Each structure stands twice: as structure tokens, then as C-alpha cells.
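Here is how the chains run, residue by residue.
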Amino acid sequence: MPERARFRAARLLPVVLVSFALLLPACSLGGEPNSLLVLEWAGYEEEDFWTDFQTANPETAVDFEFGENDADILAKMQAGSQADIFHFYTGWQQFYVDEGLVQEIDTSKLTNWDKVPDSFKELGQVDGKQYYIPWDWGFTSILYNTEHVPEVTSWDVLFDEAYSGHISMWDDGPAAVTVSSYINGWDETAITDEQLAQIEQDWIAQKPLNLHYWDSEYENLCPEVMSGEIWVAYAWQGCYASALYGPVDEDGNYHPEDAPPVAYAEPEEGRNSWVGLYGISADSDSPELALEFLDDKLAELTCGNAVTLFYYGCANQEVMDAIEDPVLIEAFGIDDPSILESTNFTPPVTAEQRDDWTAMWTRVKSE
């Protein structure tokens, strides 16, 4: 995987709008504009993550704009984004439907739909209708340095004073609520005002233990994991895989012999799991072209690049079944057929809950 470093760097670019158009023909399918605007997460604008579509449609203009997180992407759509396609993660499905921002998808037109497991298909449904196409997925758990930390069995290690100055929590309020709900055995979808107040105080007390809150997996989490500064972190499996491969030199060669001693926990409360979903805007002028773009996202080469370049899972099960790289087998727990049985998939919550949790986190950080 010598190209991984290039994609890591690309993901960090402070881009606002990227265009991959050389030609802009006047029309496309059925008179539709031969152009697409995709509201994305930075990094996925790289051509490797839509290469099948580009090969099939070399003259189509594909532009990208970016959101910083799920809340920002929803806000951009609510504010009237002209995006034809938008990308977000589980827990936010209902909002776009309730506000009339997304259109139903005719899956009979998808050539790669039969490669998607039913469990993933269902995550893209609201009220029995398919509004979203699942694409990337992964785990959230505790990544820890085994030289300094014994086996981690619970999410409460994030609150362990023994590792003060070497902990890193993701900079996200809903994630903080999720962690606290696991530790306390609460129903994440029914957090009371009293429970939220306790969560706030717990995270205020935890705040001094952090080296920092991270907000970019490959910018300010993985480098400190690799250097040994971070011993305990809320992390996705992508950073775990990166650490297992070891540092990459200027020629693109990996050095696992210099990899930090890390492990990825199986907490007694369970791992968390997230799935990325793509929707087509209700106001898109190119819905058929957008549908083709999403179908091609599920194609073998494009899906495979998500696995080998970002170390994220892809909803094309044939791609996942073909993985032979031992690092990726370890990162995705492929040798453990029961791993998803002890995994908590991100549940849907209300807009009010999301707003309350985000406001809570803002107060935590201001203390």
C-alpha cells in the first residue's frame, strides 16, 4: 500500500470546493445536467473513491463541497445546499426525511445492490422505504498502548487518572454521551435531563486527563499514537490499522518493526459501529446521474480503495470477503464471526437530543 500516505495528506487539505471537470457538456441522462455536486467529508473527493464512475463518465463534471461533521452536513442541506448527493453517518437518517431533503431510491436500478448485506440495506431505510445507500463502515473502540496499559475491558479507561496526560477523546458531544451511556448502562436513546447533567460533570472532571481532544483521525490522533504520546484513545479501526503497519518512509515503504505496541479493545459494554450513508437530494436536477454515481460507489474497485487506502469497511460484501491482508483482517475482526453480535450500532435519536448533547459538550470544553 505505498500510496496510503498520499491519501492521508489529501484528507487533511483545508478545501472548500474541488472540481474534477475538464469538460461540461450541456446535458446527460434524459436531458439532465451532466454534472454532480457532492457534499462530502474531506478526503473522499480523491478520484480513487469514485473511480468506477469516473471511468464510465469521463466527461461528467463532479464537484465537491465539504462538511466538518454530521451536524454541519445537515445544516448545509437545511440551508439550501445545491448538492445532488450528500454523505453522512448513522443516527441522522430520520432528519433528512422529516425535512423533505432526500428522495427515495429505486434500488431496482442498482447493479451492485445484491452485493450489500441486508443488515446494511436496512440502515438506509426509514419507514420501510430505501432513502440511502450504505457505503463505508467501521468500529469505534479503545485503542491503547500495551506497554503502558494492561488489557482494556471497559470504556471507563477513558476516565482513569493513572493515564493522565496520555488520553485522547474525540471532540464530539454525542460520542461522549454514547460512552457514558455504555459505562452507566443507560439507554442512549432515552437519556434524561438528570443523566445528561451527570454526563456533563463526569466529562468536565475527565477533561484534564486528555493530552488533547482529537478532531482528525490522521492529523492529531494517529501521529501521537505512533509517537507513544497517546496511550488510551477513543478511536476508529483506521488508526489501529495504521499503527499496526508502522511508519511509512518517503519511498512509501512500511516499517512494522517500528510500530508502537497497540491493541484494540473488546469492551465488556461492546464496541460501537458506524455506517456511512449516501442520499440523493430531493432537489437534485440530476437524480439518475446521482443514482449511477452511488451504484458505482459500490463497485469493486471503488469499494476496495476505501478498504485498502482508508482502512474503512465497505458495504460490498464481496470486497470484504476477499480481504487477505493480515493487518486488515485484524483491524476488522474478520476472524471473529461473532464480533458484530457484541457491537452497538449507532441508534437514531431526535434533533433535540443531538442539539442538547452538542450544547453539553460545548459547556464541557469551555470549563
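Cut-offs applied
Residues numbered from 1 in each chain as written. Predicted model: local features only at pLDDT ≥ 70, side-chain atom pairs only at ≥ 80, totals over all residues. Heavy atoms only, no water. Phe/Tyr/Trp six-rings, centres within 6.5 Å; stacked < 30°, edge-to-face > 60°. Buried < 20%, exposed > 50% of the residue type's maximum accessible area, 1.4 Å probe, protein only. Lys NZ or Arg CZ within 6 Å of the ring centre and 35° of its normal. Salt bridge = Lys/Arg side-chain N within 4 Å of Asp/Glu carboxyl O. Helix = DSSP H or I, 4+ residues; strand = E, 2+ residues; numbered from the N terminus. Polar contact = N/O pair within 3.5 Å; in protein donor to acceptor, adjacent residues only side chain to side chain. Patch = residues over 30% accessible without salt bridge, like charges linked within 9 Å, V, L, I, M, F, W, Y side chains within 5 Å. Areas by Shrake-Rupley, 256 points an atom, 1.4 Å probe, with all protein chains shown as cover. Lys, Arg positive; Asp, Glu negative; His and termini not counted. Charge placed at Lys NZ, Arg CZ, Asp CG, Glu CD.

Draft legend 1. The arrangement of the packing of aromatic side chains in detail. Per the stated rule, a full pass over the model turns up 34 aromatic pairs. Measuring from ring centre to ring centre gives 6.3 Å for Tyr131 and Tyr132, while their planes differ by 50 degrees; the resulting arrangement is tilted. Here Tyr131 and Tyr132 have matching classes, each one buried. In this structure, Arg271 packs its charged tip against the face of Phe139, placed 4.9 Å from the ring centre.

Draft legend 2. Structural view of the pattern of salt bridges. For the coordinates displayed, the defined rule picks out six salt bridges. Two residues, Lys109 and Glu288, come together in a salt bridge whose shortest N-O distance is 3.1 Å. Placement of the pair is Lys109 in the loop between helix 4 (93-98) and helix 5 (118-123) and Glu288 in helix 10 (residues 287-297), with a sequence separation of 179 residues. A residue is classified by how much of its surface remains accessible, and Lys109, at 43% relative accessible area, is partly exposed. Note on Glu288: relative accessible area 33%, which makes it partly exposed. For the salt bridge of Glu200 with Arg363, the shortest nitrogen-to-oxygen distance reads 2.9 Å. Residue Glu200 is found in helix 7 (residues 193-206), and its partner Arg363 is found in helix 14 (residues 351-366); the two are separated by 163 residues along the sequence.

Draft legend 3. Structural detail: unusual backbone geometry. Non-glycine residue Asp127 carries a positive phi angle of around 55 degrees. Tracing the backbone through its elements, the reader meets Asp127 in the loop between strand 5 (125-126) and strand 6 (129-130).

Draft legend 4. A look at helix 3 (residues 70-78). For helix 3, the set of buried residues is Asp70, Asp72, Ile73, Leu74 and Met77. For helix 3, the N-terminal capping position is held by Asn69, with its side-chain oxygen 3.2 Å away from the main-chain nitrogen of Ala71. Positive phi shows up at Gly80, right after helix 3, with a value of about 100 degrees.

Draft legend 5. Summary view of a negative patch on the surface. A cluster of like negative charges, contributed by Asp193, Glu194, Glu352, Asp355 and Asp356, occupies part of the molecular surface. Those elements giving two or more residues to the negative patch turn out to be helix 7 and helix 14. When residues in the negative patch are grouped by element, the largest group, three residues, is from helix 14. Considering the arrangement of structural elements, one finds Asp193 in helix 7. Asp193 gets classed as exposed once you look at its relative accessible area, which sits at 63%.

Just geometry here; none of it tells us what the structure is for.
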